[in-house]
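Each chain, letter by letter, is given below.
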2 protein chains.
Amino acid sequence: MAKWVYGFGDGKADGKADLRALLGGKGANLAEMSLIGLPVPPGFTITTEVCTHYYANGRRYPKELEAEVDGALAAVEALVGAKFGDAAKPLLVSVRSGARASMPGMMDTVLNLGLNDVTAKGLAAASGDARFAYDSYRRFIQMYGNVVLEIPHHEFESILDQAKDEQGAQQDTDLDAAALQGLVGRYKAMVQERLGRPFPQDPREQLWGAIGAVFGSWMNDRAITYRRLHEIPESWGTAVNVQAMVFGNMGEDCATGVAFTRDPSTGENRFFGEYLVNAQGEDVVAGIRTPRQVTIEGKKRQGLKEPAMEEAMPAIFAQLAEVRATLERHYRDMQDIEFTVQRGKLWMLQTRNGKRTVHAALKIAVDMVKEKLIDEAEAVRRIEPQALNQLLHPTLDPKADVAIFGRGLPASPGAASGLVVFSADEAERKANEGHNVILVRVETSPEDVHGMHAARGILTTRGGMTSHAAVVARGWGRPCVCGAGEIRIDYKSQTMSAAGVAIRAGEHVTIDGGTGTVFLGEVPMIQPRLADDFATLMAWADKIRRLGVRANADTPEDARVAREFGAEGIGLCRTEHMFFEADRIVAMRQMIMAGDEAGRRAALAKLLPMQRKDFTGLFEVMEGLPVTIRLLDPPLHEFLPHTEAEQSEVAAAAGVGVDEVRKRVIALEEANPMLGHRGCRLAISYPEIAEMQARAIFEAAVEAGRRSRHRVVPEVMIPLAATKKELDILKAVIDRVAGEVMRESGTRIDYTVGTMIELPRAALRAADLAQSAEFFSFGTNDLTQTTFGLSRDDTAHVLKAYIEQRIFEHDPFVTIDVEGVGELVKFGTERGRAVRPKLKVGICGEHGGDPASIAFCEETGLDYVSCSPYRVPIARLAAAQAALAAKSGQGIAKVAATA
Amino acid sequence: MAKWVYGFGDGKADGKADLRALLGGKGANLAEMSLIGLPVPPGFTITTEVCTHYYANGRRYPKELEAEVDGALAAVEALVGAKFGDAAKPLLVSVRSGARASMPGMMDTVLNLGLNDVTAKGLAAASGDARFAYDSYRRFIQMYGNVVLEIPHHEFESILDQAKDEQGAQQDTDLDAAALQGLVGRYKAMVQERLGRPFPQDPREQLWGAIGAVFGSWMNDRAITYRRLHEIPESWGTAVNVQAMVFGNMGEDCATGVAFTRDPSTGENRFFGEYLVNAQGEDVVAGIRTPRQVTIEGKKRQGLKEPAMEEAMPAIFAQLAEVRATLERHYRDMQDIEFTVQRGKLWMLQTRNGKRTVHAALKIAVDMVKEKLIDEAEAVRRIEPQALNQLLHPTLDPKADVAIFGRGLPASPGAASGLVVFSADEAERKANEGHNVILVRVETSPEDVHGMHAARGILTTRGGMTSHAAVVARGWGRPCVCGAGEIRIDYKSQTMSAAGVAIRAGEHVTIDGGTGTVFLGEVPMIQPRLADDFATLMAWADKIRRLGVRANADTPEDARVAREFGAEGIGLCRTEHMFFEADRIVAMRQMIMAGDEAGRRAALAKLLPMQRKDFTGLFEVMEGLPVTIRLLDPPLHEFLPHTEAEQSEVAAAAGVGVDEVRKRVIALEEANPMLGHRGCRLAISYPEIAEMQARAIFEAAVEAGRRSRHRVVPEVMIPLAATKKELDILKAVIDRVAGEVMRESGTRIDYTVGTMIELPRAALRAADLAQSAEFFSFGTNDLTQTTFGLSRDDTAHVLKAYIEQRIFEHDPFVTIDVEGVGELVKFGTERGRAVRPKLKVGICGEHGGDPASIAFCEETGLDYVSCSPYRVPIARLAAAQAALAAKSGQGIAKVAATA
């Protein structure tokens, strides 16, 4: 039979820290503190299983619960030496929620429970402080009335204000015992009037009311929203903690405070805490009185006059310092503690792992390894990979005053300020003049990449997290806010507006790509700094991980950034990005306009030296590390312009009439370009394109190999294949060109030919494809689009609604859909390796930089992940954590939930 | 060890008819005829395995071949009583190709082989006819020179013409023996001059040269093209038949002819043949002399004067009639035979199953069952399902003079003539005036459906076999030619032009949707007629098949046609087609323009009675047969107009500014609508749409049920689901509405809710979906698009090239891709039934009407196929054949290859 209630106190406990799932974080840690001999007010925890039972059974409790609560309550009474409802020595308790994951402020708390007209009098007598007793009683009625009886807060506030007016009191504390007693009477009258029944005087009725309110709060709107945002499963439930009250507000020998065992901002190993004399916990949080520092060092650092606890209560401080040491030794992590001093006695009310900045997290992890508190693996486990984003990008100064202009999706992290421009050309022009610019577009297309590269940041009003703008921006580490639908752009008048505010071209804006916010004007920034701790931790991660980490990089500059961040190769070089630069697009368009193969070959001959130069640069930067180059992928119409003026330019360059150009644009138009004439289908139609690209790759390999001592082994990747035959046709072209270049140069070139797996059919037929492909790279962006039949560009609003309605647990373009797309990745890997056991398998979609997806890649046995350069450190760390999880037998779900 | 050579003759044979794969069709039937005692000139067959060996080993023969040929040749010599190369009594042979499948005229033949300067003299002496001998010799040099020595035909022709000029001869037959002997000399001189070596005099050298030429011809361009068009595998190879020559041109007691054992046009059971006295087989084919009829009845029927064989050679005729009876009894099918009479003796040179019209095929099959030659199953097996198209649609009169305007894809069978119109509105207008019209568009969209319905035929210049135009046209049985890329349409000037010819609006054209041809003017037609034989055969097919056959039908008219063709239910009713009709589109657009749910509900309230009426009509026609109704599927922007004028109309109707409309059009635009906000995603966003549709369905079910004695059980189908959650959300709406309608009407409604499986993820997660869905219907059009990442509308040219390059064996939108899409269908079926064993599973994509795909559905255990009404008979027959194939253990490959 299940045990529903776990007691703790006086150096004993039924539970312990690792029963977090059952007891919630707070309950588990109270039990643990009690077990290790820290002074914890006695109490008991009603388990999360009761919560689950409650919701599974029409909000009814297990039948054994009442008896178990009675027993636990009796034990508390015995330890405290007071009795619940006793007129002379009443036991008072707090009732608090406590879930497995911290959900601060999301659920309800009731303090001072057990007070009624009789016990209040008893408390006044026992404490010798009638004001304290009635203040406690009126606070209890207010809290209970609000939380359990659901009477709006303002009903109590207005009575309180009236009482203060009558007394000429400024503060609550100016009310004396009699006034407070009067207030209690008025509160009770109001409750009676609103509910048609009196405020409950029976402490047991109060207790069950409060317990029910805590369980009920698990399903309130705030809690539901919080869980959705933090991906906490509803099934976890909350526990309820009932604990004997201790009071920090019974006089000058009383105090209450909170502390961190180390500095949560910097991670430095110094005790950092605040306390208030003669106060309740609420008072510290409410900020009515300025708290004092716990340590003298802290007092000095802050230039405060009020005495530190170390001076004012040296004995208590010594005890607290001892607790600090005990907790760090015991939990082997920085703790966030709450304590109360009641008449000279220290009580610990809570301990939990303290929240910290990523800088602090790194320092603490690295220091604790030095201090031999934890090992390297544990240090690696402790850092949330996504948090590294803060280290790698400038962030807004949190102290700055800001005016928000609008909001969109946090598409690429980092913050940037600059002049607003509305076209890629203008972005390039202004940037060349030395301005920082923010490129603002309804949406971007490959035609805009030169402007995107020139801009400091990108803002679009359409498109989701994986729209063109978002993908390109993340690849380059450019901050980007996408799909800011409330902002209207008018290209004609060169303005954008939202909520009645207009911004013209040339005015300043600031975007925060980490939060998706757009600010008016320039907001001050904090530049990123990479401490030694970062390098130390990353080195440990690299020792632990099994997965290789590569970067998606198209240019030598990208490649350089990627190597600085520790990339071990390039997993995806998108050759088409090279074709959009000013001089190249002309030749590219000539090729598209050519009526025959000869015309195409003439235009391709102009592109060849440029591509060769790009690849040579890339190979040189990578110094022999593997480089995967994907052949031309997008449909040709993406390279043709859509305005009349530009079409005229193209016509002039190609020596044809503008009508010709228009006709070609129309002929190439596609209703669904995502499913159109692209990928290897282009190279099958025009093998001369693949030929030119292969030649550029192999000639560059020879050249880069000659210049440096590094042997270049290019990996040529064929996109969008669905059949072995496609690979065979193009592999024949590539092999022929390789042979030609080898003969011409007299140099042996080692290379491999592989394919993207980005269509469901390719994954299913992987055994065919692997007969011809020497490596696979899962293009999970397109694979997700085709598997779900969902265009990432068109369905930002659908995705948003689906996530809100929990149809999707995650955005499948951010975190891989393990059940659907993941099965195809597994099929692809298993079936491919069945025919070619040494098949190299990687992933180059956006998922390659997502920790939860990386955990999946580890489990599936991929060889490497490839992501944008700025995510490489995140991927390295996530890969290490995935390896640790795999070693310890934890599943994907576990990793995903904590990532 | 393999046996490479199979002899036949004199009532014996090494082979027999069922060794067709090894001996080719001709060789197998020669052996069979010899075995059953028919007079066959002796000879031998070199097997197809020699051909395979030849190509697998660098064009070298198996080493045992020469000895086997020598042995077989000796046996022929013994039977004929003549010797190869003998001066006095020379054996002459023919060398012919003979593949497993008939490839008429695709490969090479050499006759009279064995002649040289010496044996020609001997033949002259032996036959007593020098002219015959030298005519045979010069024909041999000409044939051998062309086929084996690869000397162009005209080289011989010019020498022949010169000889005729010199002799003043009009015809070849005017040349006498001496002139022919002289011609032989000149031929040999020319060969010597061109090749630098003499024409081979050694008969054995001649024989091996001819054998090599036949094997070589397997890989000539003509043969390769033919195989591609007829899907004959290269690996089959050809056999070589070497057979003693017999001559029909040695005098008036000689003859040659061809005959069918029944009438190949009508199928009537009468002997139908033609012959020529004193002629060679070539002469019949060449058409220089008009052949005579074999039977007196035939002579009379054709009104000829020349005596029938029955009169001129009564003994031979009697023998031939006996042969006819023997062959039909033996082969149990109508035979196409070739015979030669040499000096009063009948020789059979070939028999094979005769080609016939589909009318004849039906009659012969049904008659032969009556005659107890075959059973019903065999009769069902004999009809090619696709051929039924000819029965169901008008066809062009083959005798008509035609002028071809252009060509496109044969998108929907049947022929139609009419006035050219370039818009859907104009089509409707002209049709209402009583004209037949052909709607000509670059491509069609759902906005055009009213015009498509009004038109007799549809012609588009873009889009493939599964484009919107093609799909809609097939559904309605409208002839359609698609993707006629060479035709340019100019909407402005209301003309279309191709190859310099222009057609204006209002002029006549004719399209043949069975061949994809467009003709100038009106071409006379033959109307279809359905004979009793058709009904008889279909009834047999229905007894045999296991698969249900339903139709895709949107209107009561469609449904009526479907039932006439034998549909057992509706597998797909596309509700959106109903929204495009004049009065409805206004309300539909009001709904789309509505800014909130209330506005949408108001517009939907107008649509409700119309939808209810549609469904009531459908249910009434179907009289209790199952009807699957799919909820709204296409993205909303498909319902909005794109011209300014129409947008103004919509604005007026919706009571908003035209700017509003334009904004909405732009806001709804999608880069990839196929992967956009459509299917169940619409109903998730706007549950009120699903609610209205569900209400219309259930109210119609109640109404139709009340009016008739048939119980209506609607099947409500949710499109484009990828997750169980989507189904759950919409099923809740449908169930709620069903409950409401039941309460309101006081009638119990039985219904089921199921889903389309048209996304790879849906197939993979079928076990989830089947928990909520009571039936699955595979939407293999979209499933093929997403699995291949290939838009059917955009990639007609890609598909064409892929099929030509044999990257695809079939068009995957016509015949299901068994390996890729098929695996998903299997997963979907197996995984779905694993959780819901009684899950009803069907297919409603275009593949539901394709025989090879139906064979796959049979193997995969689907419950039914659903196709356009006009394909229902084809599907019934194909399903029966698939059931027979499954019973006999034949695989899909076999069925696919013969379908």
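As the structure is a prediction and not an experimental result, all values here were calculated from the model.

## A word on the relation of the copies chain B and chain A
Line of reasoning, step 1. In the superposition of chain B on chain A (RMSD 0.3 Å, axial shift 0.2 Å), the rotation amounts to 180 degrees. Taken together, the rotation angle and the small translation identify this as a two-fold axis.
Line of reasoning, step 2. Both copies contact each other with a shared surface, as 100% of the interface residues of chain B are interface residues in chain A too.

## Comments concerning the sheet that holds strand E29 (residues 752-757) of chain B
Residue and element names in this part refer to chain B.
Line of reasoning, step 1. Spatially, the eight strands close up into a barrel ordered E25-E26-E27-E28-E29-E30-E31-E32, and their pairing is parallel. Geometrically, the sheet is characterised by an average inter-axis angle of 25 degrees between neighbouring strands, direction not taken into account.
Line of reasoning, step 2. Here strand E28 (residues 714-718) pairs with E29 via four bridges, running parallel. Paired with isoleucine 718 across the bridge in E29 is threonine 755.
Line of reasoning, step 3. With respect to the sheet, helix H28 (residues 724-745) is in contact with E28 and E29, its orientation differing from that of E28 by roughly 145 degrees.

## Some details on the interface of chain B and chain A
Line of reasoning, step 1. Of the residues lining the interface, 48 residues belong to chain B; the matching set on chain A comes to 48 residues.
Line of reasoning, step 2. Summing the contributions of chain B and of chain A, the shared interface buries around 4,200 Å²; its carbon and sulfur component is 53%.
Line of reasoning, step 3. Together, B:Asn672, B:Leu675 and B:Arg761 form the three largest contributors to the area buried by chain B at its contact with chain A, with a combined 15%.
Line of reasoning, step 4. Between B:Arg831 and A:Glu823 there is a salt bridge, and its shortest N-O distance comes to 2.7 Å.
Line of reasoning, step 5. The tally of links between chain B and chain A comes to 28 residue pairs in polar contact (both at pLDDT 80 or more).

## Digging into the confidence of the model for chain A
Residues and elements named next belong to chain A.
Line of reasoning, step 1. For chain A, per-residue confidence averages 92 on the pLDDT scale, and 98% of positions sit at 70 or higher.
Line of reasoning, step 2. Across residues 892-899, where pLDDT falls below 50, the model places 10 contacts with residues more than four positions away in sequence or in other chains.
Line of reasoning, step 3. The ipTM for the predicted assembly is 0.82, set against a pTM of 0.83.

## Notes on helix H4 (residues 117-127) of chain A
Residue and element names in this part refer to chain A.
Line of reasoning, step 1. Of the residues making up H4, those classed as buried are Thr119, Ala120, Gly122, Leu123, Ala124 and Ser127.
Line of reasoning, step 2. Residues of H4 that are buried make contact with strand E5 (90-91) and helix H5 (130-147).
Line of reasoning, step 3. One side-chain oxygen at the N-terminal end of H4 lies 3.0 Å from the backbone nitrogen of valine 118; it belongs to asparagine 116.
Line of reasoning, step 4. Among the residues trailing H4, glycine 128 stands out with phi positive, at a value near 70 degrees.

## Some remarks on helix H13 (residues 314-331) of chain B
Residues and elements named next belong to chain B.
Line of reasoning, step 1. In this model, H13 (18 residues) spans 25 Å end to end at C-alpha, consistent with the 26 Å of a helix rising 1.5 Å per residue.
Line of reasoning, step 2. Considered for burial, the residues of H13 that qualify are Ile316, Phe317, Leu320, Val323, Arg324, Thr326, Leu327, Glu328 and Tyr331.
Line of reasoning, step 3. Where H13 is buried, its residues meet helix H1 (20-35), helix H12 (309-312), strand E10 (335-342), strand E11 (345-353), helix H14 (358-370) and helix H15 (376-382).

## Observations concerning the pairing of strand E27 (residues 548-552) of chain A
Residue and element names in this part refer to chain A.
Line of reasoning, step 1. Taking burial as the measure, the five residues of E27 include five buried ones, the bulk of the element.
Line of reasoning, step 2. Across the two faces of E27 the burial is the same, with Gly548, Arg550 and Asn552 and Val549 and Ala551 all buried.
Line of reasoning, step 3. Sheet topology places E27 next to strand E28 (residues 570-574); two bridges connect them, and they run parallel. If you follow alanine 551 over to E28, its bridge partner there is isoleucine 570.

## Quick notes on the nonpolar core
Within soluble globular proteins, side chains that are nonpolar tend to cluster in buried spots.
Line of reasoning, step 1. The biggest cluster of nonpolar side chains holds 320 residues, and the ones touching the most others in it are A:Phe615, A:Phe619, A:Leu636, A:Phe698, B:Phe619, B:Leu636 and B:Phe698.
Line of reasoning, step 2. Excluding residues within four positions of it along the chain, A:Phe698 makes contact with A:Val716, A:Ile734, A:Val737, A:Ala738, A:Val741, A:Ile749 and A:Tyr751.

## Regarding unusual backbone geometry
Line of reasoning, step 1. Here the phi dihedral of A:Glu623 falls at roughly 45 degrees; this positive angle occurs in a residue that is not glycine.
Line of reasoning, step 2. Phi angles above zero are rare outside glycine, and B:Arg806 is one such case at about 55 degrees.
Line of reasoning, step 3. With respect to the helices, strands and loops of the structure, B:Arg806 is situated in the loop between helix H32 (796-804) and helix H33 (821-835).
Line of reasoning, step 4. Owing to a relative accessible area of 26%, B:Arg806 belongs among the partly exposed residues under this scheme.

## Examining the side chain of A:Glu823
Line of reasoning, step 1. Position of A:Glu823 among the secondary structure elements: in helix H33 (residues 821-835).
Line of reasoning, step 2. Contact partners of A:Glu823, with chain neighbours within four places excluded, come to A:Val818, B:Leu764 and B:Arg831.

## Digging into the packing of aromatic side chains
Line of reasoning, step 1. Per the counting criterion, the structure on display carries 37 aromatic pairs over all chains.
Line of reasoning, step 2. Both rings, one in A:Phe827 and one in B:Phe827, keep their centres 5.4 Å apart while their planes meet at 5 degrees; by these two values the pair is stacked. One end of the pair, A:Phe827, is in helix H33; the other, B:Phe827, is in helix H33, on a second chain. Of the two residues, A:Phe827 and B:Phe827, neither departs from the other in class, the shared state being buried.
Line of reasoning, step 3. Judged by centre distance (6.3 Å) and plane angle (70 degrees), the rings of B:Phe579 and B:Phe639 are edge-to-face. Taken together, the positions of B:Phe579 in the loop between strand E26 (570-574) and helix H22 (582-593) and B:Phe639 in the loop between strand E27 (627-630) and helix H24 (644-654) put the pair 60 residues apart, joining distant regions of the chain.
Line of reasoning, step 4. On the accessibility criterion, B:Phe639 (0% relative accessible area) is buried.
Line of reasoning, step 5. Grouped by ring-pair contacts, the aromatic residues A:Tyr54, A:Tyr55, A:Tyr61, A:Trp208 and A:Phe215 constitute a single cluster.
Line of reasoning, step 6. Between the NZ or CZ atom of A:Arg550 and the centre of the ring of A:Tyr864, over which it lies, the distance is 4.0 Å.
Line of reasoning, step 7. The ring of B:Trp218 has B:Arg227 lying over it, and the distance from NZ or CZ to the ring centre is 4.1 Å.

## Quick word on a negative patch on the surface
All names here are of chain A.
Line of reasoning, step 1. There is a patch of like negative charges on the surface, built from Asp425, Glu428, Glu557, Glu581, Asp583 and Glu649.
Line of reasoning, step 2. Relative to the assigned elements, glutamate 581 resides in the loop between E28 and helix H22 (582-593).
Line of reasoning, step 3. Taking relative accessible area as the criterion, glutamate 581 reaches 38% and is therefore assigned partly exposed.

What counts, and where the lines are drawn
- Residues numbered from 1 in each chain as written.
- Chains lettered and ligands numbered in written order.
- Predicted model: local features only at pLDDT ≥ 70, side-chain atom pairs only at ≥ 80, totals over all residues.
- Heavy atoms only, no water.
- Least-squares fit on C-alpha atoms with pLDDT ≥ 70 in both.
- Contact = heavy atoms within 4.5 Å.
- Pairing = 2+ DSSP bridges.
- Helix = DSSP H or I, 4+ residues; strand = E, 2+ residues; numbered from the N terminus.
- Axes fitted to C-alpha atoms, helices over the stretch in contact; angles between N-to-C directions.
- Buried area = accessible area lost by both parts, 1.4 Å probe.
- Salt bridge = Lys/Arg side-chain N within 4 Å of Asp/Glu carboxyl O.
- Polar contact = N/O pair within 3.5 Å; in protein donor to acceptor, adjacent residues only side chain to side chain.
- pLDDT = per-residue confidence, 0-100.
- Buried < 20%, exposed > 50% of the residue type's maximum accessible area, 1.4 Å probe, protein only.
- Expected span 1.5 Å × (residues − 1).
- Core = buried A, V, L, I, M, F, W, Y, C linked by side-chain atoms within 4.5 Å.
- Phe/Tyr/Trp six-rings, centres within 6.5 Å; stacked < 30°, edge-to-face > 60°.
- Lys NZ or Arg CZ within 6 Å of the ring centre and 35° of its normal.
- Patch = residues over 30% accessible without salt bridge, like charges linked within 9 Å, V, L, I, M, F, W, Y side chains within 5 Å.
- Areas by Shrake-Rupley, 256 points an atom, 1.4 Å probe, with all protein chains shown as cover.
- Lys, Arg positive; Asp, Glu negative; His and termini not counted.
- Charge placed at Lys NZ, Arg CZ, Asp CG, Glu CD.

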